[in-house]
Amino acid sequence: MTASATAETYAARLEHTLPALRERVDRAAQAAGRATASVRVVAVTKGHPLDAIDAALEAGLSDLGENRVEELEEKVLARGREAVAWHMIGHVQGRKAKRTAELAHLIHSLDSERLADRFARIGAEDSTQVRVLAQVNTSAESSKGGFDRGSAVESIHRIAELPGLKVEGLMTMAPLVDDEAMLHAAFGHLREIHESLRSHTKRVGPELSMGMTNDLEIAIQEGSTMIRIGTALFGERGGPA
Ligand SMILES: *Cc1c(COP(=O)(O)O)cnc(C)c1O
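Presented here is an overview of the structure given in this document. (Residues numbered from 1 in each chain as written. Predicted model: local features only at pLDDT ≥ 70, side-chain atom pairs only at ≥ 80, totals over all residues. Heavy atoms only, no water.)

Here's the deal with the overall build of the protein chain
Right, so step 1: The helix and strand inventory of the protein chain stands at 9 helices and 9 strands.
Right, so step 2: For a compact globule of 241 residues, the expected C-alpha radius of gyration is about 18 Å, and the protein chain comes in at 17 Å, within 12% of that figure.
Right, so step 3: Projected onto its principal axes, the C-alpha coordinates of the protein chain cover approximately 50 × 40 × 30 Å.
Right, so step 4: Residues counted as buried form 49% of the 241 residues belonging to the protein chain.
Right, so step 5: Here the analysis covers contacts within the protein chain between residues at least 6 apart in sequence; of these, 59% occur between residues at least 24 apart.
Right, so step 6: When the accessible area of the protein chain is evaluated, it comes to approximately 11,200 Å², of which 49% is carbon and sulfur surface.
Right, so step 7: Of note, the protein chain has its 29 positive side-chain charges centred 4 Å away from the centre of its 35 negative side-chain charges. (Helix = DSSP H or I, 4+ residues; strand = E, 2+ residues; numbered from the N terminus. Rg over C-alpha atoms; globule rule 2.2 N^0.38 Å. Buried < 20%, exposed > 50% of the residue type's maximum accessible area, 1.4 Å probe, protein only. Contact = heavy atoms within 4.5 Å. Areas by Shrake-Rupley, 256 points an atom, 1.4 Å probe, with all protein chains shown as cover. Lys, Arg positive; Asp, Glu negative; His and termini not counted. Charge placed at Lys NZ, Arg CZ, Asp CG, Glu CD.)

Observations concerning helix H5 (residues 113-125)
Right, so step 1: Over its 13 residues, H5 extends 18 Å from the first C-alpha to the last, a length consistent with the 18 Å expected when each residue adds 1.5 Å.
Right, so step 2: If you check which residues of H5 are buried, you get Leu115, Ala116, Phe119, Ala120, Ile122 and Gly123. Taken end-on, H5 shows its buried residues confined to a sector of 160°, consistent with a single buried face. Turned more than 90 degrees from where H5 packs its buried face, Arg114, Ala124 and Glu125 sit exposed.
Right, so step 3: On its buried side, H5 packs onto helix H4 (97-103), strand E4 (106-110), strand E5 (130-137), helix H6 (152-160) and strand E7 (165-171).
Right, so step 4: Where H5 terminates, the next one or two residues include Ser127, which has phi positive at roughly 50°. (Expected span 1.5 Å × (residues − 1). Arc of directions from axis to C-beta.)

Quick look at the nonpolar core
Right, so step 1: Core analysis: the largest hydrophobic core is formed by 65 residues, its most contacted members being Phe119, Ile156, Leu165 and Leu233.
Right, so step 2: At 7 residues, the largest contribution of residues to this core is made by helix H1 (residues 7-31).
Right, so step 3: Apart from residues lying up to four places away in sequence, Ile156 is in contact with Ala134, Val136, Phe147, Leu170, Leu197 and Val204.
Right, so step 4: In terms of nonpolar packing, the next biggest core, distinct from the first, is built from 5 residues, Val42, Leu106, Met171 and Met226 among them. (Core = buried A, V, L, I, M, F, W, Y, C linked by side-chain atoms within 4.5 Å.)

Concerning the pattern of salt bridges
Right, so step 1: Scanning the model with the defined rule gives 22 salt bridges in all.
Right, so step 2: Of the charged contacts, one joins Arg191 and Glu195 as a salt bridge, the two residues approaching to 3.8 Å between their closest N and O atoms. Taken together, the positions of Arg191 and Glu195, both in helix H7 (residues 180-200) and 4 residues apart, correspond to about one turn of that helix.
Right, so step 3: Accessibility expressed as a relative area gives 26% for Arg191, which makes it partly exposed.
Right, so step 4: With relative accessibility at 47%, the residue Glu195 sits in the partly exposed group. (Salt bridge = Lys/Arg side-chain N within 4 Å of Asp/Glu carboxyl O.)

Focus: the site of the ligand
Right, so step 1: Around the ligand, a shell composed of Val44, Lys46, Ile89, Met173, Met212, Thr213, Arg228, Ile229, Gly230, Thr231 and Arg237 is seen.
Right, so step 2: Contacts to the ligand include Arg228, whose side-chain N or O atom sits 2.8 Å from a nitrogen atom.
Right, so step 3: Here an oxygen atom of the ligand and a side-chain polar atom of Thr231 are 2.6 Å apart.
Right, so step 4: Taken by itself the ligand offers 390 Å² of open surface, and the protein chains cover 92% of this.
Right, so step 5: Per-class residue counts for the shell around the ligand are 5 nonpolar, 3 polar and 3 charged. (Near = heavy atom within 4 Å. Polar contact = N/O pair within 3.5 Å; in protein donor to acceptor, adjacent residues only side chain to side chain. Nonpolar A, V, L, I, M, F, W, Y, C, P; charged D, E, K, R; others polar.)

Section: H7
Right, so step 1: The first and last C-alpha atoms of H7 sit 30 Å apart over 21 residues, in line with the 30 Å expected at 1.5 Å per residue.
Right, so step 2: Buried within H7 are the following residues: Leu183, Ala186, Phe187, Gly188, Leu190, Ile193, His194 and Leu197.
Right, so step 3: Buried residues belonging to H7 abut E5, H6, E7, strand E8 (204-209) and helix H8 (216-221).

What about the environment of Ile218?
Right, so step 1: By the element assignment, Ile218 lies in helix H8.
Right, so step 2: Ile218 gets classed as buried once you look at its relative accessible area, which sits at 9%.
Right, so step 3: When the C-alpha atoms of Ile218 and Ala120 are compared, they prove to be 33 Å apart, with 98 residues separating the residues in sequence.
Right, so step 4: Sequence-distant contacts of Ile218, that is, excluding residues within four places in its chain, are made with Glu180, Leu183, His184 and Phe187.

Written out as structure tokens, the structure reads:
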């Protein structure tokens, strides 16, 4: 976090970054023949201080994403759980599953059957359903998490049957490349896996969480319903954490 960033600078930054982002989304949606309102912006505040959250809320953003449970907890405790829709977008360790389920409204990073079983148990114990997106490793890069592309349909079909779990859709992270064909391939894979799942079961919801600062246009073209945007809104996360 940068110590020099004040509420003023985040608010001032959003005054130009948010309209610029909205325009990118509008243009991409239009080009794809889709309604702009069908693409939700999850503002990724990881690595930025509470000032960024306050500025985001003030600017009308209502979905915020964090990738570490500790940072999510800090921010939820500071601003309240009901102030916004909190999204967990990073890997969740098993022993932190319960806390994550209590804090986040939607967990994008359900990346294994084991974690699914754990969340399902937590949901069942609380007589509720933990809302998740199943993450798929569409690029087959070993550094990326998620269900393997080849067995994703089978695995996710199974976990979607768990009563304590509500699978709202799927999520993926594209490879870190500029190659548009590779990005189309990754997002297209997620869309195909989603279509296949939804033709087999009614227990997988309509959401597709894909697209970040550098690849949101291609993600929208491939059917994204949630883009996760940090840098384009808040600037670089740099400096010592
Ligand atoms: C950090 C992060 C983002 C936001 O990335 P930007 O390139 O800053 O927009 C999106 N999704 C996940 C899972 C992230 O960890």
